[in-house]
Amino acid sequence: MYHCILAKYNAEISKKKKEDLLPEIRELFAGLTGIEGIESVEVFPNVIDRANRYDVLIRIRMTPEALPVYDDSEIHKTWKRDYGKYLEKKAIFDYEG
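Once a new chain begins, its residue numbering starts again from 1 and follows that chain's sequence as written. Selection of residues for local features in this predicted model requires a pLDDT of at least 70, selection of side-chain atom pairs for listing and counting requires 80 or more, and totals for whole chains, interfaces and linings are taken over all residues. The basis for every side-chain value is the complete set of heavy atoms in the structure, and neither hydrogens nor water enter the calculation.

Asks: So what's going on with the pattern of salt bridges? Residues and values would help.
Replies: Just to be clear on terms, a salt bridge is a Lys or Arg side-chain nitrogen sitting within 4 Å of an Asp or Glu carboxyl oxygen. This model, assessed by the stated rule, comprises seven salt bridges. Of the charged contacts in the structure, one is a salt bridge between Lys 16 and Asp 20, with a shortest N-O distance of 3.1 Å. With Lys 16 and Asp 20 both in helix H1 (residues 15–30) and four residues apart, this pair spans about one turn of that helix. In this structure Lys 16 comes out as exposed when scored by relative accessible area, which is 54%. The class for Asp 20 is partly exposed, based on a relative accessible area of 34%. Of the charged contacts, one joins Arg 59 and Glu 42 as a salt bridge, the two residues approaching to 2.6 Å between their closest N and O atoms. A residue pair is termed long-range when its members are at least 10 positions apart, and Arg 59 in strand S3 (residues 56–62) and Glu 42 in strand S2 (residues 38–45) qualify at 17 residues. Between buried and exposed lies partly exposed: a residue is buried under 20% and exposed over 50% of the maximum accessible area for its type, with that area taken using a 1.4 Å probe on protein chains only. For Arg 59, a relative accessible area of 23% translates into the label partly exposed. The helix and strand labels rest on DSSP assignments: H or I over at least four residues marks a helix, E over at least two residues marks a strand, and numbering proceeds from the N terminus.

See below:
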């Protein structure tokens, strides 16, 4: 399955800050492939800068059994703790593919 996180930054986050955050987020989530059942992680920036768009998509390919392990992982906790302050909102979507 794919576990997708769509994140929208706060209005105060500059375009430069968005660009600076991208390699950090990629590095953080890259560590997930060390968890059994997580096959791949991709982080995509939005290429259209409009107020009604989300800013980043994090797509994780994993087995359904890996989801609770991911939820309890230090990487997930770090994401929420260290990057949550930058976010206005996020959406989570899981699908088979």
